[in-house]
Structure formats: C-alpha cells, structure tokens
Amino acid sequence: MTSTEVPRTEPEPEPRTVSVDEALERFATVVAQAATEKIEAQIPGIVSLLEAHGVEVIVLKGPVTRRRLYAAGERRPVADIDVLVDPNAFRRATRALVDAGYRRYDRHGHSDAFRRGADDADVDLHLTLPYVTLGPKRAFAVFAAHRAALQVAGATVSVLDRPAHVVHLAIHAAVNRFDPDQRSFTEWRRGLASLTGAEAAAAEALAERLGVGAVWNLATRALAGDADRSTLLAARPTWEAVPRMWSVWGFLQSGTPASVKWRDVQRLVALQLSDGVVNKWRAKRGAPALPSGSLRIRLDKVLRLVTVSAQGLVRVVGLGRRGDAGESREQ
C-alpha cells in the first residue's frame, strides 16, 4: 500500500500596509510621470516645426537629464520644452512658433518663452545660455560640435553630449544660486559624479571655451560640505539686467555678449514702462490706476522712468563716493 504525499501549502503573505505618505508619494509620481510624458510627446513636433523652417535645434534639459541621471520610475517633472537654436535663424524660429499659434509671454537676454493653449507645453527658445560670454553664434557652433542623439517619444532628436550637458547643469545651478534645496543643484551634483575622468576634463575645458570657467569653478566649490554660499554668490558674474541701477551697471560691465545685453536692456525698459508697474507706482502715491493707452498713463510712464533713473543714479554716485572715501581712509 502506497501512501500519497499531501502537498504542503505555504501560508499566503499578509498584505503589506502602505502609509498615507507612501500612497501620496506614489500618486504624485504617477501624476508627474503622466505630465512628463505628455510634454515630452510634444518635443518631436516642436523640433520638426522648427527644422521645417530651416532652423537647427538642440533639445536641452528635461528629457536629457531624466534619461541620464534618474532611475527608471524616479520622479523628475518636466515643466516646459527648452530648445537651443541657431542664432542665425532665431527670428525665423520665432516666426515659426508665432505662425503656429504661440505667443511670446516672457523675454530674457538669452531666451524667449512662448505659450499656446492649455494642452500645449510652453516652449523656451534659447538664443544662448546664461553666463556664456562667447557670442551666441560662436557659442552655438561650439555646442553643435558637442551634439548627441536621443530617442524622445519615438523620434531621434539632437541633444548635448555628456560633457556639454553637465556644463549646462553647472550653469543652471549657478542661476538658482547654488541652493542645495533646489533640484538644479542635485542634478549638477549627479551630473558631475556621472562623468568619467576624461569627460570631466572635457567639460571643464568646454566651460573655459564658452567663457563660463568661473561659473564652473564656483559650482564645483559649492559641492563641498563646508562651502560658504554667501561668498560664492558674491563672486557670481552678473548675467542679467534687473530693476536696480547698481545691478544694471554691473551687468553692462560684465562679459555678457553685446547682442544678449541689448535684448536684456530692452526687456528691462519694457518692464519699467508696463501698465502694471506704472500703476503700482501711482498707488504708492495714493493715485488711482489709469486705463491702458490713455494719454495720462503714457505721460506717467515717462515721468516715472526719469524719476526712477535719477534716483538710481544718485544712489550709484553716493555708493561710489562712499567707496572712494573708504579707500582713502584705508590708504
């Protein structure tokens, strides 16, 4: 008589309890991933649109950083589409976006931001990158020599190779004030750590060639555990005109290319002459807001610009005199 062995069954594992925080994190990751995929799906179309108008395009930041520095499933939201275009065709690229229904809603010396519908990603059209002192046309030639190919949403697009990409990450960290709580700083740390010795040397040489060697060195120093951020920030080159006379003067003395300076000064003047700024200026004086386009608001724009410029000039002269006095006392 043979005995039949009864198979032993393993007890089913008890279901694992998921905390509220973990569930929210998972949900946020799923939502961010869906938003990222939606934006990245539009990149081939933007590239095709610009290339159809004879514009060379290099895709920046988002998809490149996510593929190279983030693990599969790790959250890395993408807010817009950043592209660097050939400066010789920058106006053509602008017209192509406008003809496609986009409108420019922000402007800086180095880039213009465009927006279309609620379902469309914003497009940041780069003439060059912040801090780069090499002229935009020469800088683009350098970047174009450091191109690589990347598959995005089923299409092959041009992106920066690893050394050039990490130089861009160093610039981005500097723009965001080397803030360790900012994603840009974490990505700069990851990017530099991802390079081989030869790639790191190539990145450093590229930074020097683009005129951002000082920024590269500051960003590298910022990674040290005992880094003094206030010292690093004080040493950052001035790259953008802001509504403070002293900062504008520093910007005009900086190594920023003349074409970029001109665009930034135009932006600053447009901001200072905007209806919103002028009406805020009137509100501080207890005066009511004025309708757009009225003769009175036009006159007030000129009055405010002259007044603010004169006040700023007095402050600059005063700072200069105090500085001269300090030097004479030290001597």
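Here, the structure is the one placed above.
Each value, and the rule that gives it
Numbers given for residues are sequential positions, taken from 1 along each chain in its written order. Per-residue local features are limited, in this predicted model, to residues with pLDDT of at least 70; the limit for side-chain atom pairs, both in listing and counting, is 80 or more; totals at the level of whole chains, interfaces and linings are taken over all residues. Water and hydrogen atoms play no part in the side-chain values, which are based on all heavy atoms of the structure. Numbering of helices and strands runs from the N terminus, with a helix taken as a DSSP run of H or I at least four residues long and a strand as a DSSP run of E at least two residues long. Residue burial is assigned from relative accessible area. The probe radius is 1.4 Å, only protein chains are included, and a residue is buried under 20% of its type maximum, exposed over 50%, and partly exposed in between. In what follows, residue pairs with any heavy atoms lying within 4.5 Å of each other are defined as contacts. Using the Shrake-Rupley algorithm and a 1.4 Å probe, accessible areas are obtained, with residue cover drawn only from the displayed protein chains. Take a side-chain nitrogen of Lys or Arg and a carboxyl oxygen of Asp or Glu: if they are within 4 Å of each other, that pair is a salt bridge. Pairs were defined over the aromatic rings of Phe, Tyr and Trp, the Trp ring being its six-membered one, requiring ring centres within 6.5 Å. Orientation was assigned from the angle between planes: stacked under 30 degrees, edge-to-face over 60, tilted for the rest. In this scheme, Lys NZ or Arg CZ marks a charge over a ring once it lies within 6 Å of the ring centre and within 35 degrees of the ring normal. Like charges are joined within 9 Å and nonpolar side chains (Val, Leu, Ile, Met, Phe, Trp, Tyr) within 5 Å, but only among residues with over 30% relative accessible area and no salt bridge; these make up the patches.

Asker: Explain the overall build of the chain to me, using residue names and the numbers behind them.
Answerer: For the chain, the count of helices and strands is 14 helices and seven strands. Within the span of the chain, comprising 331 residues, buried residues form 40% of the whole. Within the chain, residue pairs in contact and separated by at least 24 positions form 63% of the contacts whose partners lie at least 6 positions apart. When the accessible surface of the chain is totalled, it reaches about 18700 Å², and 55% of it is carbon and sulfur.

Asker: Got a sec to walk through the pattern of salt bridges? Specific residues and values, please.
Answerer: In total, this model carries 17 salt bridges according to the counting rule given. Its salt-bridge partner being arginine 263, residue aspartate 112 comes within 2.6 Å of it at the nearest N-O pair. Of this pair, aspartate 112 sits in strand S4 (residues 111-115) while arginine 263 sits in helix H12 (residues 258-272), placing them 151 residues apart in sequence. When sorted by exposure, aspartate 112 lands in the same class as arginine 263, which is buried.

Asker: A description of helix H5 (residues 136-144) should follow, citing residues and the corresponding values.
Answerer: The complete set of buried residues in H5 reads Pro136, Ala139, Phe140, Val142, Phe143 and Ala144. Tucked inside the fold, the buried residues of H5 contact strand S1 (57-59), strand S2 (80-85), strand S6 (147-152), strand S7 (155-160), helix H8 (197-210) and H12.

Asker: Report on the packing of aromatic side chains, specifying residues and quantitative values.
Answerer: On inspection of all chains with the given rule, the structure shows two aromatic pairs. Geometrically, the ring pair formed by tryptophan 188 and tryptophan 216 is edge-to-face, given 5.2 Å between the ring centres and 75° between the ring planes. Taken together, the positions of tryptophan 188 in helix H7 (residues 183-194) and tryptophan 216 in helix H9 (residues 213-222) put the pair 28 residues apart, joining distant regions of the chain. By relative accessible area, which is 0% here, tryptophan 188 ends up buried. Tryptophan 216 sits in the buried class, given a relative accessible area of 6%. The cationic tip of arginine 115 hangs over the ring face of tyrosine 105; the distance from NZ or CZ to the ring centre is 3.9 Å. Above the ring of tyrosine 70, the side-chain terminus of arginine 190 is found at 4.6 Å from the ring centroid.

Asker: So what's going on with a nonpolar patch on the surface? Residues and values would help.
Answerer: Taken together, the side chains of Trp246, Trp249 and Leu252 present a nonpolar region at the surface, about 340 Å² in accessible area. Summarising the element assignment, leucine 252 is placed in helix H11 (residues 245-253).

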